[in-house]
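Next come the chains, spelled out residue by residue.
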Amino acid sequence: MKIILIGYMGSGKSTLGRALATAKNISFVDLDVYIAEREKCSVPDIFKNKGEIYFRKKEALYLQEVLQKEEDMVLSLGGGTPCFGNNMPLIKASGAVSIYLKYQPQTLTQRLLQEKDHRPLLAEIKEIDLEEFIRKHLFDRNPYYAQATHIIAMDGLTPDQSLQKLLTVF
Ligand code: S3P
């Protein structure tokens with residue numbers, strides 16, 4: 001079985017994904033890490049040197065590559081992965097269990113204030129404008145995220161409670 005974690009930047013997809021994979025004793029793949037390894041370049045540097053369109057093409061290519069693997073795994077996507085090209089239909093057609101880790105924009109803003117400079121899409125946004133930006137961005141992305149097979153509200157949970165809530169899906 002493949003379990004795919006979906007959600008906005010700062011949703012803890014990688015941290016929770018790793019913990020879930022350990023709990024279920026299956027492998028863990030972080031799509032951003034996979035892209036960086038295959039491209040021999042970090043995601044922020046891909047954005048900087050080659051631009052977002054190049055990144056989105058590679059993201060789609062490597063998503064397909066990972067989905068074709070036979071092994072059971074937890075796969076954490078980038079925040080934008082479900083929202084481009086044919087990615088969400090492919091995710092659904094793969095038969096994977098997809099889980100949207102849903103947070104309110106205020107929570108995401110708090111979580112991202114400290115780390116926004118490492119995120120190519122947020123680095124240029126002023127702190128004062130961050131919540132408004134996230135609110136609009138999330139509104140645009142929500143129709144894609146909402147196609148996940150499960151939607152879990154995560155606001156206010158400790159990391160351990162988040163994992164326990166995630167495990168109730170299975
Ligand atoms: C992106 C999210 C990032 C990364 C890239 C673009 C997005 O992943 O894929 O910077 O479009 O939301 P995380 O969600 O892991 O930060």
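Conventions used here
- Residues numbered from 1 in each chain as written.
- Predicted model: local features only at pLDDT ≥ 70, side-chain atom pairs only at ≥ 80, totals over all residues.
- Heavy atoms only, no water.
- Near = heavy atom within 4 Å.
- Polar contact = N/O pair within 3.5 Å; in protein donor to acceptor, adjacent residues only side chain to side chain.
- Areas by Shrake-Rupley, 256 points an atom, 1.4 Å probe, with all protein chains shown as cover.
- Helix = DSSP H or I, 4+ residues; strand = E, 2+ residues; numbered from the N terminus.
- Nonpolar A, V, L, I, M, F, W, Y, C, P; charged D, E, K, R; others polar.
- Pairing = 2+ DSSP bridges.
- Axes fitted to C-alpha atoms, helices over the stretch in contact; angles between N-to-C directions.
- Contact = heavy atoms within 4.5 Å.
- Salt bridge = Lys/Arg side-chain N within 4 Å of Asp/Glu carboxyl O.
- Buried < 20%, exposed > 50% of the residue type's maximum accessible area, 1.4 Å probe, protein only.

With that settled, consider the site of the ligand. Around the ligand there are 14 residues in total, and Lys-13, Asp-32, Arg-56, Arg-119 and Arg-141 lie nearest to it. Here an oxygen atom of the ligand sits 2.7 Å away from a polar atom, N or O, in the side chain of Asp-32. One nitrogen or oxygen atom from the side chain of Arg-56 is found 2.7 Å from an oxygen atom belonging to the ligand. Protein contacts shield 93% of the accessible area of the ligand, which totals 390 Å² for the unbound molecule. Of all elements in the fold, only α3 (43-50) and α4 (52-67) reach the threshold of two or more residues within the shell around the ligand. In terms of residue class, the shell around the ligand is made up of six nonpolar, three polar and five charged.

With respect to topology, five strands assemble into an open sheet ordered β2-β3-β1-β4-β5, the strand pairing being parallel. A single partner strand is all that each edge strand has here, and the edge strands are β2 (27-30) and β5 (150-153). The mean angle between the axes of side-by-side strands here comes to 20°, regardless of whether they run parallel or antiparallel. The pairing of strand β1 (residues 2-6) with strand β4 (residues 97-102) spans four bridges and is classified as parallel. In the strand pairing of β4, Leu-5 is matched with Ile-99. Across the face of the sheet, helix α1 (residues 13-24) comes into contact with β1, β2, β3 (73-76) and β4 while running at roughly 160° to β1.

All right, on to the pattern of salt bridges then. This model, assessed by the stated rule, comprises nine salt bridges. Linking Asp-45 and Lys-48 is a salt bridge whose minimum nitrogen-to-oxygen distance equals 3.5 Å. Of this pair, Asp-45 and Lys-48 both sit in helix α3, separated by three residues, roughly a single helical turn. Taking relative accessible area as the criterion, Lys-48 reaches 66% and is therefore assigned exposed. We note a salt bridge from Glu-59 to Arg-56, for which the minimum N-O separation is 2.9 Å. Residue Glu-59 and its partner Arg-56 are located together in helix α4, separated by three residues, close to a single helical turn. Of the two residues examined, Glu-59 and Arg-56, each falls in the buried class. A network of salt bridges, in which partner residues are shared, links Glu-52, Arg-56 and Glu-59.

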